[in-house]
Amino acid sequence: MPTVPKSLFWSRTDTAGSEHVVLDDRQGLSARGVLLAVDPIPYTCRYQLTVGADWAVSRLEAEAEGAGWARSVRLERTGDGWRVRTGEEGDLDAALVATGHPPAGLPGTDEPDRLAEALDVDLSGSPLFNTLPIRRIGLGRAPADQARQVTVAWVLLPGLAVLPADQVYTSLGPGRIRFNSDSFAADLDIDPNGFVVRYPGLAERIDPR
């Protein structure tokens, strides 16, 4: 049953990092969150997410920053498709190359039309965003072995590049969802409201004691 407010906290298991989000899911979803991670270089990402009553994303605003650089991206879904706006200060690519990592390229996308089929957004490293297709499709209540493919606007961190991506969500029975993207797969544990409790290889939720 949706309640307000909610405060969810995840600890990363693939690297040193965490996510904290405060949200209202009574009518769609309104969320403000912060992600922190040390890989590939230390960064903080702050985001605001707005999801309609049909659980399709209306808007995402994200800002990422680290030592000597900052980036932002705004995705807004309209009747004509997705509008993408970006900002950049400093030189993230130089910071990545200096630590032996490939450059991230520019934030956003030069081809927003490629996102036309996306109803969901996936912010990399965030367990919250898996909830969006789960709730929109109703997979938390679906019978076992029901699979649905979705197209998402995938926002990469720390660079905030935006790419279209196909993902598959499969119900495994109460509280369990299998997530597939290309060759990657993970069996997610979710709570009755569709929020991730455990994401093997990425994060585990930590509830107040």
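It should be emphasised that the depicted structure is a prediction, and the values quoted were computed from it without experimental measurement. (Residues numbered from 1 in each chain as written. Predicted model: local features only at pLDDT ≥ 70, side-chain atom pairs only at ≥ 80, totals over all residues. Heavy atoms only, no water.)

A.B. asks: Requested: an account of the pairing of strand β12 (residues 184-190), with residues and values cited.
C.D. replies: Relative to β12, strand β11 (residues 176-181) runs antiparallel, the two sharing six bridges. Within β12, the position partnered with Ser181 by the bridge is Phe184. Where β11 folds back on β12, the antiparallel hairpin that results is connected by two residues, among which Asp182 adopts a positive phi of roughly 55°. Two successive antiparallel strands, β12 and strand β13 (residues 196-199), enclose a turn made up of five residues, where Gly194 displays a positive phi of approximately 85°. (Pairing = 2+ DSSP bridges. Helix = DSSP H or I, 4+ residues; strand = E, 2+ residues; numbered from the N terminus.)

A.B. asks: How would you sum up the environment of Asp80? Please name residues and give values.
C.D. replies: On the secondary structure map, Asp80 appears in the loop between β6 (69-78) and β7 (81-90). Along the primary structure Asp80 and Asp113 are separated by 33 residues, whereas in three dimensions their C-alpha atoms are 9.3 Å apart.

A.B. asks: Provide a residue-level description of the packing of aromatic side chains, including the pertinent values.
C.D. replies: Scanning the model with the defined rule gives five aromatic pairs in all. Geometrically, the ring pair formed by Tyr169 and Phe179 is tilted, given 5.2 Å between the ring centres and 50° between the ring planes. On the criterion of sequence distance, the pair formed by Tyr169 in strand β10 (residues 162-171) and Phe179 in strand β11 is long-range, its members being ten residues apart. The same class applies to Tyr169 and to Phe179, which are both buried. Through successive ring pairs, a cluster of aromatic residues spans Tyr169, Phe179, Phe184 and Tyr199. (Phe/Tyr/Trp six-rings, centres within 6.5 Å; stacked < 30°, edge-to-face > 60°. Buried < 20%, exposed > 50% of the residue type's maximum accessible area, 1.4 Å probe, protein only.)

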